[in-house]
Amino acid sequence: MNKSSKAAKKLWKIGSKDFNTQYFDYNKEGDLIIKEGHNIYNVRYLAEKFGTSLEILMPFVIEERLEDFLDLAAAISKKVEFKGKFFYNYPMKVNQSKEIVMSVVGEGAHLETSSYNELWMVKKMLEQEKFNPNIRILCSGPKTDSYINLIDELQHKGVKIFPLIEGPNELKFLQYSKYDVGIRLDIPVKASSRWNKPVDRFGFSAKEILDMGSFKNLKILHYHVGSQIEKLNDVLIPIKYALDVYFKLKEKNPSLDTLDIGGGMPIPYERTKGYPVEKLMERILKLVKTESEKRGLPHPNLICEWGRYMVAPAQITVYKVIDTKRIKHKASPATKWYVIDGSFMNDLPDTWAIDQKWAIAPVNNKRDGNLNEVWLAGSSCDSDDIYKGLKETLTLPVFDMNGENDGAGPMYIVVFDTGAYQTSLAAQHCMLSSPMKIVVENGHIVVVKKRESAEDVGKTFGW
Ligand SMILES: Cc1ncc(COP(=O)(O)O)c(C=O)c1O
């Protein structure tokens, strides 16, 4: 198989808005480039200059996505005459990197924290005066004493904090607080998301909530059925269920005015087209409007917490192929292992944990144009530290580390959409160093996480 640069773009689905790859292209030399308006970053050059494994964070991608999303929500609200307010709360758990949190907040996002430590970062922003007092913070996750105390401290300082009650112990503390609260509803529906469990450990059933009696301070009814919800209807069915509970709950709790639908908007990791966000937003806002008007009641305000959708495409991870090995097994659809200088188990742990698929392409594509089917092997000693592609194999340029005349220099590969969850879940099996992280924006390249030395990694283990 022989591929020109144009065909390469098509094969690896580069330059396509449907797959969030409109920021990438191959130049004439066959190198992958990142385009930020007039600023161009050559990924091969970055890999050579900074070394691999390398994470490249692109805050401009988040800024553009969030700006587009908030404009879309406003335009659709107007079109369908949705009268509630719409809030986007970025769930910090998806990626707590400072550059990301500062980017979303700068574009008008509110925040959601899931732990004391995340809320402590909010406190730090406040102390550094990097905080707009209009930002609303939702606090989810089980509340330890220190988390409750920090919520209280920030509420006293005038920060708009809404603890979301998830369990009976929190209920005791928060139901009679003088500040606003939300409560989490456990929705008994099956959605096409691997996180949607038959028995949910979070929140309360509709009956439990409706039997609780009235709260003077109840503002928000919240639920979250799962991340990466593959079918549009599976987003809408829980909303309909929650609206029914919301309106019943409002009879006893007139202060209730907001429905928070959690996360769920998916990313096309597997490069198949899902449902467009425009269509989903229109269906959501129309549903909320219709259900309210059916009951003759005001439209609730709406919160969504779609973090993966916002940040996954804003980071790529680059590795160098450090060895190639023939696969001799006849039944194997791949003919070679490409061994990389990083680890799927460590740096992209969802590969191992949840069989996450990633779109992968060559960074430098100027070999002889021939392609082969390969599997990737990470650098840890673990037989699970592998990635076999979207459909049993990966198509990558032929490269033979041990061949005589390859002559085109090292081969680098890029993993797309690595901006969600992977950093906080990352590990250091075999004491491998984590990838170095750089930020590219406004034509500048800044190192935000240096390459870890053996000594740095050793410190984690008490050396
Ligand atoms: C309460 C809550 N909100 C939002 C999210 C983020 O969802 P997504 O992965 O769709 O961004 C999560 C993810 O676990 C969550 O638990």
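Remember, predicted model here, so these are calculated numbers, not experimental data.

## A short note on the site of the ligand
Next, step 1: For the ligand, the set of nearby residues contains 14 residues, the closest of which are Ser227, Gly264, Glu305, Gly307 and Tyr421.
Next, step 2: At a separation of 3.3 Å, an oxygen atom of the ligand approaches a polar side-chain atom of lysine 93.
Next, step 3: Tyrosine 421 places a polar side-chain atom, nitrogen or oxygen, 2.5 Å from an oxygen atom of the ligand.
Next, step 4: Broken down by class, the residue content of the shell around the ligand amounts to three nonpolar, six polar and five charged.

## Let's talk about the packing of aromatic side chains
Next, step 1: The tally for this structure, following the rule as stated, stands at 14 aromatic pairs.
Next, step 2: Relative to tryptophan 375, the ring of tryptophan 337 lies with its centre 5.4 Å away and its plane at 55 degrees, an arrangement referred to as tilted. Of the two residues, tryptophan 337 sits in strand β14 (residues 336–340) while tryptophan 375 sits in strand β16 (residues 371–377), which places them 38 residues apart along the sequence.
Next, step 3: What links up through ring pairs into an aromatic cluster is the set Phe69, Phe86, Tyr88, Trp306 and Tyr309.
Next, step 4: Above the plane of the ring of phenylalanine 50 lies lysine 49, whose end atom (NZ or CZ) is 5.4 Å from the centre.
Next, step 5: Sitting above the plane of the tyrosine 309 ring, arginine 65 keeps its charged end 4.4 Å from the centroid.

## Some points on the packing of helix α3 (residues 59–80) against helix α10 (residues 277–294)
Next, step 1: Where α3 contacts α10, the two axes come as close as 10 Å, and the packing angle between them is 45 degrees. As far as their axial angle goes, α10 and α3 are oblique. Taken as a pair, α3 and α10 cross one another with a handedness that is right-handed. Residues Phe69, Leu72, Ala73, Ile76, Ser77, Lys79 and Val80 of α3 touch α10, and the partners they reach there are Val277, Glu278, Met281, Glu282, Leu285, Lys286 and Lys289.
Next, step 2: Of the residues assigned to the contact of α3 with α10, the class counts are eight nonpolar, one polar and five charged.

## Here we look at the sheet that holds strand β11 (residues 258–260)
Next, step 1: Read around the barrel, eight strands follow the order β5-β6-β7-β8-β9-β10-β11-β12 and close on themselves; strand pairing throughout is parallel. Mean inter-strand twist for the sheet, computed between neighbouring axes without regard to direction, equals 25 degrees.
Next, step 2: Bridging between β11 and strand β12 (residues 301–304) involves three bridges; their strand directions are parallel. By the bridge assignment for β12, aspartate 260 is matched with isoleucine 303.

## A word on the side chain of threonine 113
Next, step 1: In this fold, threonine 113 is placed in strand β6 (residues 110–113).
Next, step 2: Reaching out from threonine 113, the side chain makes a polar contact with the side chain of tyrosine 147 at a distance of 2.9 Å.
Next, step 3: In contact with threonine 113, other than residues within four places in its own chain, are Met92, Glu118, Leu119, Val122, Ile137, Leu138, Cys139, Ser140 and Tyr147.

## Quick notes on a negative patch on the surface
Next, step 1: Where like charges cluster on the molecular surface, the negative patch consists of Glu64, Glu67, Asp68, Asp71 and Glu278.
Next, step 2: Among the elements that take part in the negative patch, α3 stands out by supplying four residues, more than any other.

## Let's talk about α3
Next, step 1: Over its 22 residues, α3 runs 31 Å from end to end, which matches the ideal 32 Å to within 8%, given 1.5 Å per residue.
Next, step 2: In the segment just after α3, glutamate 81 is the residue with positive phi, at about 60 degrees.

## What to know about empty space enclosed by the protein
Next, step 1: One pass over the structure, following the stated rule, counts two cavities of 30 Å³ or more.
Next, step 2: Its boundaries defined by the atoms lining it, the largest cavity holds a volume of some 50 Å³.
Next, step 3: Along its surface, the largest cavity is lined by Tyr223, Val225, Ile229, Val235, Pro238, Ile261, Gly263, Gly264, Met265 and Trp306.
Next, step 4: Its residues assigned to classes, the lining of the largest cavity comprises eight nonpolar, two polar and no charged.

## Side note on the pattern of salt bridges
Next, step 1: Here the structure, examined in full by the defined rule, presents 24 salt bridges.
Next, step 2: Across the pair lysine 273 and aspartate 18 runs a salt bridge whose closest N-O atoms are separated by 3.2 Å. Of this pair, lysine 273 sits in the loop between β11 and α10 while aspartate 18 sits in the loop between α1 (5–11) and β1 (24–26), and the two are 255 residues apart along the sequence.
Next, step 3: By relative accessible area, which is 62% here, lysine 273 ends up exposed.
Next, step 4: Via salt bridges that share partners, Asp244, Lys248, Glu291, Lys294 and Arg295 belong to a single interconnected network.

## Structural notes on the nonpolar core
The nonpolar side chains of a soluble globular protein tend to be buried, and buried together.
Next, step 1: In this structure, Ile56, Tyr90, Trp306 and Leu376 are the most contacted members of the largest nonpolar core, which totals 133 residues.
Next, step 2: When residues of this core are assigned to domains, at least three fall in each of domain 1 (5–59 + 312–460) and domain 2 (81–305).
Next, step 3: With six residues, the next largest nonpolar core counts Leu138, Phe162, Ile220 and Ile303 among its residues.

## As for a nonpolar patch on the surface
Next, step 1: Side chains of Met431, Phe461 and Trp463 sit close together on the surface and give an oily, nonpolar patch of about 420 Å² of accessible area.
Next, step 2: Residue placement: tryptophan 463 occurs in the segment after α15 (454–460).
Next, step 3: Judged by its relative accessible area of 78%, tryptophan 463 falls in the exposed class.

## Quick word on the environment of lysine 123
Next, step 1: Checked against the element boundaries, lysine 123 lands in helix α5 (residues 116–127).
Next, step 2: In the structure, lysine 123 is positioned 86 residues away from isoleucine 209 in sequence and 31 Å away in space, judged by C-alpha atoms.
Next, step 3: With sequence-adjacent residues up to four places away left out, lysine 123 is seen in contact with Leu150, Glu153, Leu154 and Lys157.

## As for the domain arrangement of the protein
Next, step 1: Here the protein is partitioned into domain 1 (5–59 + 312–460) and domain 2 (81–305).
Next, step 2: For domain 1 versus domain 2, the separation of C-alpha centres amounts to 35 Å.
Next, step 3: If you look at the interface, domain 1 gives 25 residues, while domain 2 gives 18 residues.
Next, step 4: Across the domain 1 to domain 2 interface the summed buried area is about 1,900 Å²; carbon plus sulfur atoms make up 60%.
Next, step 5: Per-residue buried area on domain 1 facing domain 2 is highest for Phe19, Ile354 and Tyr421; these three make up 27% of the total on that side.
Next, step 6: Where domain 1 meets domain 2, there are two salt bridges.
Next, step 7: In this structure, the connection of domain 1 to domain 2 is made through four residue pairs in polar contact (both at pLDDT 80 or more).
Next, step 8: Within the residue set of the side of domain 1 that touches domain 2, elements represented by two or more residues are α14 (422–425) and β20 (436–441).
Next, step 9: Looking at the side of domain 1 that touches domain 2 residue by residue, the class counts come to 14 nonpolar, six polar and five charged.

Rules behind the numbers
- Residues numbered from 1 in each chain as written.
- Predicted model: local features only at pLDDT ≥ 70, side-chain atom pairs only at ≥ 80, totals over all residues.
- Heavy atoms only, no water.
- Near = heavy atom within 4 Å.
- Polar contact = N/O pair within 3.5 Å; in protein donor to acceptor, adjacent residues only side chain to side chain.
- Nonpolar A, V, L, I, M, F, W, Y, C, P; charged D, E, K, R; others polar.
- Phe/Tyr/Trp six-rings, centres within 6.5 Å; stacked < 30°, edge-to-face > 60°.
- Helix = DSSP H or I, 4+ residues; strand = E, 2+ residues; numbered from the N terminus.
- Lys NZ or Arg CZ within 6 Å of the ring centre and 35° of its normal.
- Axes fitted to C-alpha atoms, helices over the stretch in contact; angles between N-to-C directions.
- Parallel < 35°, antiparallel > 145°, perpendicular 65-115°, else oblique.
- Left-handed = near helix turned anticlockwise from the far one by under 90°.
- Contact = heavy atoms within 4.5 Å.
- Pairing = 2+ DSSP bridges.
- Patch = residues over 30% accessible without salt bridge, like charges linked within 9 Å, V, L, I, M, F, W, Y side chains within 5 Å.
- Areas by Shrake-Rupley, 256 points an atom, 1.4 Å probe, with all protein chains shown as cover.
- Salt bridge = Lys/Arg side-chain N within 4 Å of Asp/Glu carboxyl O.
- Lys, Arg positive; Asp, Glu negative; His and termini not counted.
- Charge placed at Lys NZ, Arg CZ, Asp CG, Glu CD.
- Expected span 1.5 Å × (residues − 1).
- 1 Å grid on protein atoms, 1.4 Å probe; cavity = no way out; pocket = protein on both sides within 12 Å on 5 of 7 lines; lining within 4 Å.
- Points joined across faces, edges and corners; volume = space filled by probe spheres on them.
- Buried < 20%, exposed > 50% of the residue type's maximum accessible area, 1.4 Å probe, protein only.
- Core = buried A, V, L, I, M, F, W, Y, C linked by side-chain atoms within 4.5 Å.
- Domains from an automatic or database assignment.
- Buried area = accessible area lost by both parts, 1.4 Å probe.

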